[in-house]
Amino acid sequence: MASPEHRIFRENFAELKPPLRPEEAVVEANRCLYCYDAPCVRACPTHIDVPRFIKQIASENLIGSAKTILEANALGHSCARACPVEVLCEGACVYHEWQEKPIEIARLQRRATDFLQKEGKQPFKPGPDNGKRAAIIGAGPAGLACAAYLRRLGCRVTIFERRKVPGGLNTYGIAEYKMSRRVSLDEIERIFALGCEIKLDMEVGRDIAPQALVKNYDAVFIGIGLGGTYRLGIPGENLKGVWDALSFIRWIKDRRLKPLGKSSVTVVIGAGNTAIDAATQSRRTKTPKVVMAYRRGEAEMSAYGFEYELAKSDGAEFLWNVQPVRILGKGRVRGVEFQKTRGVGGKLRAVPGSNFTVECDRVIKAIGQAKLIDLARALGIRLTADGRIGVQPGTLRTSNPRIFAGGDAINGGKEVVNAAADGKRAAWGIYRALRPKSPPPPGNDYWISTIGVRQVAPPASRASGRREHGAPAGPTAREENREALRA
Ligand SMILES: Cc1cc2nc3c(=O)[nH]c(=O)nc-3n(C[C@H](O)[C@H](O)[C@H](O)COP(=O)(O)OP(=O)(O)OC[C@H]3O[C@@H](n4cnc5c(N)ncnc54)[C@H](O)[C@@H]3O)c2cc1C
Ligand code: SF4
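Per chain, residue numbering runs from 1 following the sequence as it is written. Chain labels run from A onward and ligand labels from 1 onward, assigned in the order the entries are written. Local features in this predicted model are restricted to residues whose pLDDT is 70 or higher, and side-chain atom pairs enter the listing and the counts only when it is 80 or higher, whereas totals over whole chains, interfaces and linings include all residues.

Tallying secondary structure elements over the protein gives 20 helices and 14 strands in all. Using C-alpha atoms as the atom set, the radius of gyration is obtained and then compared with a globule rule of 2.2 Å times the number of residues to the power 0.38. On C-alpha atoms alone, the protein measures out to a radius of gyration of 23 Å, which is about the 23 Å that the 2.2 N^0.38 rule sets for 487 residues. What counts as a contact is two residues whose backbone-derived C-beta atoms lie within 7 Å of each other. Counted over contacts in the protein with a minimum sequence separation of 6, partners at least 24 positions apart contribute 72%. The secondary structure listing takes helices from DSSP runs of H or I that are at least 4 residues long and strands from runs of E that are at least 2 residues long, numbered from the N terminus.

Here's what the structure looks like:
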């Protein structure tokens, strides 16, 4: 008989976007208009040639299609599930012009890469050894992508990862109803098969000195992501029942619900995508009441519109313009005292005498992740004013010419696809720095050509009228196309 935990996962964590059946995929692929200078391609940070891979699906060349995807995005198998396509490729699809359903790019992408994984095919091979060695700090999406492309260029790579399981947040952060851990690990296996050396459970700065990497390797790539959730800095934060969102989500990813304990009322503090993930997953683990509390108004929440809709349809409740002043309880949480807020001249002010209490037995903090600045400081590289690692945009080179960086550590927290795009860009930057006079070995021109395309965001209206975080500013591809036609 299935355990209660097993039943919860089967009933409440089913995939939001299940796979297309083979015949459905062919029909959907044949709807694509194979646009010239396709806006979907430009909206993707890795610039996958969407019309090309879709055409390959239409002609039932699934391995060729998967190869097209993975050329541009080494994490294309994960991104088919994890990507917020509503604000990227699918948000830019021309079908929106006629108020019709956009092409289901993500599910088609999944059709191709699932097939490749099932067949156990390795579409790429490492380049001939060029004698150069790179150290990669962090086996998250940025580090993995960098490793994959460096291997194809013929560089040797050693990845240092502080956890026992690789993949970073792609393995232990993505909501379970979007992507299971297995998908991330399958992708990693395919990348490691290119011949990467991996040192797990080895933290740079604790188990090995950062300077030793700079000394012993020709180049270093930093893909360490971000740190733990910020503290609230209010009394009661250490009470039992107070969780940081990342640990809470991690237990769910581990499919171990017992350590989380049962909750009748959970309060989630914050209103970004991570807060939404924590709230929906709480509801799906059968918490009867989940209340999200945000210090600003609904219009200012940073979560994607479609994520907000998901939380609402899962029954989460919302408190706007409130800030927590203390967490109440003796030993265990029994409530949160809030104070109302209002905006005055662009600044947030507490409303005196407006305090009230929400009784609850669990609090999840989701107010953003801290920056990991110690490593950069130890290496003496430049940080931006807000604590990100500073890089040159074209090459992702830091202030030390032998050190490169990418992913959340440089962008402050975006998506898996942004980290994958950075890893690709940095691999090419490293190769050019190490072998300035040598062209890349055969078999590398295609992915290198995908680096230079300028990314253009779909309009905010595609995402329920909200300007999303993570989405780059600027005109849409179609607006640009129109401009070009006028000219
Ligand atoms: C809760 C949550 C849900 C998310 N959901 C989505 C989603 O649905 N879709 C999406 O596209 N994106 C999502 N994201 C964002 C996405 O996961 C990140 O943007 C992406 O993983 C960043 O990749 P990265 O390689 O830069 O960092 P990470 O994924 O954080 O990887 C960094 C790696 O470096 C390791 N490391 C750190 N310091 C050291 C050190 N000193 N030595 C050795 N190793 C070290 C870490 O252990 C980790 O494995 C989510 C993020 C969170 C927090
Ligand atoms: S914009 Fe839509 S129709 Fe055009 S190529 Fe991309 S997916 Fe196909």
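Continuing now.
A separate point is the pairing of strand β13 (residues 362-365). The exposure label follows from counting other C-beta atoms within 10 Å of a residue's C-beta, where the C-beta atoms are placed from the backbone and the thresholds are 20 or more for buried and 12 or fewer for exposed, leaving partly exposed in between. Side chains R362 and I364 of β13 all project onto a buried face; the interleaved residues V363 and K365 project onto the opposite face, where all are buried too. At least two DSSP bridges between two strands are required for those strands to pair. Note: strand β5 (residues 242-244) against β13, three bridges, orientation parallel. Directly across from W243, in β13, lies its bridge partner I364. Taken together, the four bridges between strand β6 (residues 265-269) and β13 define a ladder with parallel strand orientation. Looking at the pairing, T266 lines up with R362 of β13.

This part covers the site of ligand 1. Any residue whose C-beta atom, as placed from the backbone, lies within 6 Å of a molecule or strand is termed near it. Around ligand 1 there are 40 residues in total, and G138, G140, G168, G225 and G407 lie nearest to it. Secondary-structure elements contributing two or more residues to the shell around ligand 1 are α9 (141-152), α10 (169-172), α13 (245-253), α14 (273-284), α17 (408-411) and α18 (416-434). When residues are sorted by character, Ala, Val, Leu, Ile, Met, Phe, Trp, Tyr, Cys and Pro go into the nonpolar class, Asp, Glu, Lys and Arg into the charged class, and all the rest, Gly among them, into the polar class. Residues that form the shell around ligand 1 fall into these classes: 20 nonpolar, eleven polar and nine charged. When residues of the shell around ligand 1 are sorted by domain, at least three fall in each of domain 2 (133-227 + 372-441) and domain 3 (242-365). Bear in mind that the domain bounds are from an automatic or database domain assignment.

For the protein, the assigned domains are domain 1 (12-122 + 456-486), domain 2 (133-227 + 372-441) and domain 3 (242-365). Residue-level contacts link 20 residues of domain 1 with 27 residues of domain 2. At five residues, helix α6 (residues 76-82) tops the list of elements feeding residues into the side of domain 1 that touches domain 2. Of the residues belonging to the side of domain 1 that touches domain 2, the class tally is eleven nonpolar, seven polar and two charged.

In the region of ligand 2, 14 residues are neighbours, and C32, C35, C40, C93 and I103 sit closest. Put simply, the parts of the chain that give the shell around ligand 2 at least two residues each are α3 (39-43) and α4 (50-58). Taken together, the residues of the shell around ligand 2 sort by class into 14 nonpolar, no polar and no charged.

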